[in-house]
Amino acid sequence: MSAQKIKEAALRSFAQYGFEGASLAVIADETGLKKQSIYAHFEGKDDLFLQTLKSAAEKELHKLEVFLQSHFEEPLHDFLYKVLLNYIDRYRNDCNMKFWLRVSFFPPSHLHHTVIDYVNKHIAKVDLLFFDRFLKAVETNEVRYQDIESMTMAFSSLIDSICVELVYGSKERTEKKLEASWRIYWNGIADNFS
């Protein structure tokens, strides 16, 4: 049994139960191992959790890069809106995304600083991906608003807002919040209300 299979089982368990509720015995059972066998690959639950976090972050960044590249040439309005819908869809259908958001909002208290540092570095990488598309939008006059950094940070905040609703709210509330915030955000950058 590879460390990767153990991390996949851990991902599902941490996504569903959080750090505190996840059990090494259950993770081992799911992989067909004895609990002691996990220690051949990981120092303990903390190590398994942090390695799972690292893998999840890498997957999230890769999935976003692929998605953004495949839609990069679309009009900015469509590009950005599809990004938001993609977050919602992946949260509903992708265990990796559920794990990532759960950890971002509910890090284990004893690993809080390590997790939040990792999350913040990940967000900075994501913001850079969007910066490139906003730069193109300004260069091609897709938007009247010219402050690329502010557009990027505001869009990052919009993603954060949707992610909070995904974790804490209902499907209906998430969709309602998306529609309201998206319309105001888009009108702000497209029409340069400043």
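Predicted model only: the values in this text are computed from it and were never measured.

### Comments concerning the packing of aromatic side chains
Here comes step 1: As enumerated under the stated definition, the model contains 14 aromatic pairs in all.
Here comes step 2: With a centroid separation of 5.5 Å and an interplanar angle of 50°, the aromatic rings of Tyr 81 and Trp 182 are classed as tilted. A residue pair is termed long-range when its members are at least 10 positions apart, and Tyr 81 in helix H5 (residues 76-93) and Trp 182 in helix H9 (residues 171-190) qualify at 101 residues. One exposure class covers both Tyr 81 and Trp 182, and it is buried.
Here comes step 3: Directly above the aromatic system of Tyr 87 lies the positively charged group of Arg 90, at a separation of 5.9 Å from the ring centroid.

### Here's the deal with the packing of helix H8 (residues 148-168) against H9
Here comes step 1: Contact geometry for H8 and H9: axes closest at 9 Å, N-to-C directions at 170°. With respect to each other, H8 and H9 are oriented roughly antiparallel. Of H9, the residues touching H8 (which contributes Met 151, Ala 154, Phe 155, Leu 158, Ser 161, Ile 162, Glu 165 and Leu 166) are Arg 173, Thr 174, Lys 177, Leu 178, Ser 181, Trp 182, Tyr 185 and Ile 189.
Here comes step 2: Looking at side-chain class alone, the contact of H8 with H9 contains ten nonpolar, three polar and three charged residues.

### Observations concerning helix H7 (residues 112-139)
Here comes step 1: The end-to-end C-alpha distance of H7 is 40 Å, a good match for the 40 Å that 28 residues give at a rise of 1.5 Å each.
Here comes step 2: Taken together, the buried positions of H7 are occupied by Val 115, Val 119, His 122, Val 126, Asp 127, Phe 130, Arg 133, Phe 134, Ala 137 and Val 138.
Here comes step 3: Here the buried face of H7 lies against helix H4 (45-71), H5, helix H6 (95-105), H8 and H9.
Here comes step 4: Backbone geometry just downstream of H7 places Asn 141 in the positive-phi region, at approximately 60°.

### Looking at the layout of surface pockets
Here comes step 1: Empty space within the largest pocket amounts to approximately 310 Å³.
Here comes step 2: Of all elements in the fold, only H4, H5, H6, H7 and H8 reach the threshold of two or more residues within the lining of the largest pocket.
Here comes step 3: Residue composition of the lining of the largest pocket, by class: twelve nonpolar, three polar and four charged.

### Focus: the pattern of salt bridges
Here comes step 1: What the rule picks out here adds up to twelve salt bridges.
Here comes step 2: Lys 136 is the salt-bridge partner of Glu 73, the closest N and O atoms lying 3.0 Å from each other. With Glu 73 in the loop between H4 and H5 and Lys 136 in helix H7, this residue pair connects regions lying 63 residues apart in the sequence.
Here comes step 3: Taking the shortest distance from any N to any O, the salt bridge between Arg 173 and Glu 165 comes out at 2.6 Å.
Here comes step 4: Using a relative accessible area of 3% as the deciding quantity, one classes Glu 165 as buried.
Here comes step 5: Linked through salt bridges whose partners overlap, the residues forming this network are Glu 60, Lys 63, Arg 90 and Asp 94.

### Overview of unusual backbone geometry
Here comes step 1: One non-glycine residue, Asn 141, lies in positive phi territory at about 60°.
Here comes step 2: Along the polypeptide, Asn 141 turns up in the loop between H7 and H8.
Here comes step 3: Exposure remark for Asn 141: the relative accessible area of 63% places this residue in the exposed category.

Conventions and cut-offs
- Residues take numbers from 1 onward in each chain, read along the sequence in its written order.
- A pLDDT threshold of at least 70 governs which residues receive local features in this predicted model, and a stricter bar of 80 or more applies before side-chain atom pairs are shown or counted, although totals over entire chains, interfaces and linings include all residues.
- The basis for every side-chain value is the complete set of non-hydrogen atoms in the structure, without hydrogens or water.
- Ring pairs shown here join Phe, Tyr and Trp side chains whose ring centres sit within 6.5 Å, with only the six-membered ring taken for Trp; geometry is labelled stacked below 30 degrees between planes, edge-to-face above 60, and tilted in between.
- Under the scheme used here, helices are H or I runs from DSSP no shorter than 4 residues and strands are E runs no shorter than 2 residues, and both carry numbers assigned from the N terminus.
- Burial here depends on accessible area, computed with a 1.4 Å probe over protein chains only, as a share of the maximum for the residue type. Under 20% is buried, over 50% is exposed, and the range in between is partly exposed.
- By definition here, charges over rings are those cases where NZ of Lys or CZ of Arg is within 6 Å of the ring centre and within 35 degrees of the ring normal.
- Interaxial angle, 0 to 180 degrees, is taken between N-to-C directions of lines fitted to C-alpha atoms, where a helix line uses only the stretch in contact.
- Just so you know how the angles are binned, under 35 degrees is roughly parallel, over 145 roughly antiparallel, 65 to 115 roughly perpendicular, and the rest oblique.
- By the convention used here, residues are in contact when the closest approach between their heavy atoms is within 4.5 Å.
- The residue classification treats Ala, Val, Leu, Ile, Met, Phe, Trp, Tyr, Cys and Pro as nonpolar and Asp, Glu, Lys and Arg as charged. All others, Gly included, are polar.
- Under the convention used throughout, the expected extent of a helix is 1.5 Å for every residue step, that is, one less than its residue count.
- A cavity here means a set of points on a 1 Å grid, drawn over the protein atoms and nothing else, where a 1.4 Å probe fits but cannot get out; a pocket is an open set with protein on both sides within 12 Å along at least five of seven lines, and a residue lines either one if it has an atom within 4 Å of a point.
- Grid points are joined across faces, edges and corners, and a volume is the space filled by probe spheres set on the points.
- We define a salt bridge as a contact between a side-chain nitrogen of Lys or Arg and a carboxyl oxygen of Asp or Glu at a distance within 4 Å.

These figures come from the coordinates and say nothing about function on their own.
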